[in-house]
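Structure assessment
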Amino acid sequence: MTETAPTTPSEPAPHATPAWVRDAICWQVYPLGFCGAPRHREDLTGETYGGADGENVVHRLRRLTGWLDHLVSLGANVLLLNPIFDSVSHGYDTLEHRRIDPRLGDEEDFDALVAGCRERGIRLVLDGVFNHISRLHPTARRAIAAGPGTEEGDRIRWSGTSPYGFEGNDDLVEVDLTDPVIQDRIVEIMSRWLERGADGWRLDAMYAAGAEAWAPILERVRAAHPEAWILGEVIHGDYPAFAAASGADSITQYELWKAIWSSLRDGNLFELAHALGRHQGFLEQFRESSAGALPLTFVGNHDTTRIASQLTDGRDLAAAIALLALLPGVPAVYAGDEFGAAAVKEEREGGDDAIRPWFPGSPDEVVAAHEAADAGGESPRSLQLLAPEAAGRILEAHQRLLSLRRRERWLTTASVAVDEATLTNTWAQIVLTPSAGGLDTAADGADPAAASGTEAADGTPGERPSPLTLVLNLGDEALPAPGEVLEAVSGADMLDAVGPAAEGTVPAHGIAVVR
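As the structure is a prediction and not an experimental result, all values here were calculated from the model. (Residues numbered from 1 in each chain as written. Predicted model: local features only at pLDDT ≥ 70, side-chain atom pairs only at ≥ 80, totals over all residues. Heavy atoms only, no water.)

**Some words on the sheet that holds strand 20 (residues 485-490)**
The antiparallel open sheet is built from five strands, whose spatial order is 16-17-18-22-20. Sheet topology places strand 16 (415-418) and strand 20 at the edges, where each strand pairs with a single neighbour. For this sheet the average axis-to-axis angle between neighbouring strands, irrespective of direction, equals 15 degrees. Pairing analysis gives six bridges linking strand 17 (residues 427-433) to strand 18 (residues 468-473), with the strands arranged antiparallel. Looking at the pairing, L432 lines up with L468 of strand 18. Of the strands in this sheet, strand 16, strand 17 and strand 18 touch helix 10 (residues 269-288), which is tilted by about 155 degrees from strand 16. (Pairing = 2+ DSSP bridges. Helix = DSSP H or I, 4+ residues; strand = E, 2+ residues; numbered from the N terminus. Axes fitted to C-alpha atoms, helices over the stretch in contact; angles between N-to-C directions. Contact = heavy atoms within 4.5 Å.)

**Focus: the nonpolar core**
Of all hydrophobic cores here, the largest spans 147 residues; its most connected members are W27, L79, L126, M190, W201, W229 and I430. It is helix 12 (residues 317-326) that provides the largest number of residues to this core, a total of ten residues. Once residues within four sequence positions are removed from consideration, L126 is found in contact with L81, I84, F85, F110, W193, A198, G200, W201 and R202. Core analysis: the second largest hydrophobic core is formed by six residues, V471, A481, V506 and V514 among them. (Core = buried A, V, L, I, M, F, W, Y, C linked by side-chain atoms within 4.5 Å. Buried < 20%, exposed > 50% of the residue type's maximum accessible area, 1.4 Å probe, protein only.)

**Observations concerning the packing of helix 9 (residues 254-266) against helix 10**
It is at 8 Å that the axes of helix 9 and helix 10 come closest, and there the two elements cross at 165 degrees. For the element pair helix 9 / helix 10, the angle class is roughly antiparallel. As for the relative orientation of helix 9 and helix 10, their crossing is left-handed in sense. Here E255, L256, K258, A259, I260, S262, S263 and L264 of helix 9 come into contact with helix 10, specifically with L269, E271, L272, A275, L276, R278, H279 and F282. (Parallel < 35°, antiparallel > 145°, perpendicular 65-115°, else oblique. Left-handed = near helix turned anticlockwise from the far one by under 90°.)

**Thoughts on the packing of aromatic side chains**
Enumeration over the complete set of coordinates arrives at 17 aromatic pairs. Above the plane of the ring of W261 lies K258, whose end atom (NZ or CZ) is 5.4 Å from the centre. In this arrangement the basic side chain of R356 is found over the ring face of Y30, its NZ or CZ atom lying 4.7 Å from the centre. (Phe/Tyr/Trp six-rings, centres within 6.5 Å; stacked < 30°, edge-to-face > 60°. Lys NZ or Arg CZ within 6 Å of the ring centre and 35° of its normal.)

**Here we look at the pattern of salt bridges**
Using the criterion set out here, one finds 38 salt bridges in the structure. R306 is the partner of D337 in a salt bridge, and the nearest nitrogen-oxygen pair spans 2.9 Å. Of this pair, D337 sits in the loop between strand 15 (330-334) and helix 13 (366-371) while R306 is found in the loop between strand 14 (296-298) and helix 11 (307-310), placing the two residues 31 residues apart along the sequence. Beyond isolated ion pairs, a larger network of salt bridges with shared partners links R142, E151, E152, R155 and D179. (Salt bridge = Lys/Arg side-chain N within 4 Å of Asp/Glu carboxyl O.)

**Things to note about the packing of helix 7 (residues 211-224) against helix 8 (residues 239-246)**
Running from N to C, helix 7 and helix 8 cross one another at 45 degrees; their axes reach a closest spacing of 7 Å. Taken together, the axes of helix 7 and helix 8 are oblique relative to one another. Along its contact with helix 7, which presents A211, W214, A215 and L218, the element helix 8 presents F242, A245 and S246. A class-by-class count of the residues in the contact of helix 7 with helix 8 yields six nonpolar, one polar and no charged. (Nonpolar A, V, L, I, M, F, W, Y, C, P; charged D, E, K, R; others polar.)

**So, unusual backbone geometry**
In this structure, A205 is a non-glycine residue whose phi angle is positive, near 50 degrees. Examined against the element boundaries, A205 turns out to sit in the loop between strand 11 (200-203) and helix 6 (206-209). Its relative accessible area of 1% is what places A205 among the buried residues. With phi around 55 degrees, A497 is a residue other than glycine that occupies positive phi space.

Rendered as structure tokens:
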């Protein structure tokens with residue numbers, strides 16, 4: 001996940017981020033692993049490899065339907081999927097974007113998932129892997145056969161006379177997104193699935209082609225689908241500038257992800273404070289665009305070591321959960337983290353397998369899945385938990401804090417600042433203040449302050465909501481809270497059921513939300 005700093009060309013015509021994104025809380029799933037699909041396709045053989053309809057269609061995608069009520073009970077309302085389209089192995093080596101991967105099922109299974117989401121008020125967002133394709137994709141095969149400098153050949157990128165492999169992977173051929181035919185195909189594919197029931201797209205490796213390549217594509221998609229949410233994967237660089245130049249609504253906030261786990265692991269909340277200053281700067285730039293763009297915040301995803309495995313002290317997971325739930329932006333919980341899933345990403349072939357495990361048919365079976373042995377062979381790894389006996393309490397902490405976020409709707413666009421006067425390596429008071437710009441429009445057109453479900457400090461309904469302070473305590477002793485405690489989570493109680501901290505305190509290795 002590395003790239004050079006993206007360029008910032010002239011910006012496309014301004015657009016408005018869909019209003020529903022203001023209330024979005026995502027639950028991210030890697031379907032091939034989650035649904036227990038084999039790691040590699042078993043039906044791709046012969047000269048038509050990658051070109052013919054696959055055999056062995058197995059209807060695994062419907063396993064997700066059994067988890068939709070869990071998504072809602074968690075406090076989320078968006079199902080953010082990693083790849084579900086026809087591919088060779090991990091989903092990022094696509095063979096056909098117009099077809100569901102036969103290891104997951106078919107279009108009827110997709111329609112059933114859409115229907116299940118609609119019944120529960122869940123938005124569905126798909127993963128668009130358009131920057132690169134499998135060498136076996138028909139476009140890549142025709143381009144390689146024709147060679148560089150030809151009409152067909154120039155639809156992919158080249159390194160001399162060899163196809164350009166994405167980040168050094170020869171089996172992932174980068175596509176030239178500036179090619180008019182390629183742009184037409186991407187617009188057609190994105191529109192096809194939006195019309196079939198999707199509500200948005202995550203654009204994988206958006207940074208690789210750059211903002212300028214994506215701008216004309218997204219302008220066309222948005223003209224036909226103004227309510228579609230466009231989330232771009234960008235690792236480094238100027239996130240707001242990239243969003244403005246490309247037309248994306250949201251960008252992955254990897255800087256904040258890195259600071260959260262690193263600062264909690266090392267007991268250095270000064271690092272977190274610096275990153276939150278950067279985050280506030282990004283928020284201000286997003287607001288200045290007047291388009292309502294928002295960063296996507298997360299503490300783990302399908303490409304990273306699980307947050308529970310990043311931390312040396314599992315009790316500090318309480319702080320990570322609170323930061324994810326309450327900081328401004330659009331939060332995304334990676335499936336399993338809400339139970340304390342544990343796994344380490346390794347830099348080797350197959351090194352992502354542990355962080356992309358299979359899940360049982362229902363949340364009630366999570367602990368049993370942890371205890372199950374790996375099936376071996378082509379099957380995904382089994383789900384592993386930091387502390388199986390604590391899975392329910394970790395889930396409950398997520399639910400409580402995400403419920404607070406849903407009540408305080410203004411948090412999505414809040415301003416964030418750290419109280420420097422009280423900051424230490426193990427103590428941080430993070431002040432969250434309603435943003436005047438962020439309160440101009442509520443998602444449903446109602447008065448934003450009233451819609452937040454809060455009252456002003458003097459109890460007057462309909463007034464501007466009062467700020468909240470998220471207090472982190474990584475120390476070994478509970479300390480007095482600097483205000484009225486609305487929620488508190490003790491890391492020790494969450495993991496070991498030792499009992500809550502004293503009333504009015506910030507628990508050791510825990511958090512409190514005060515007003």
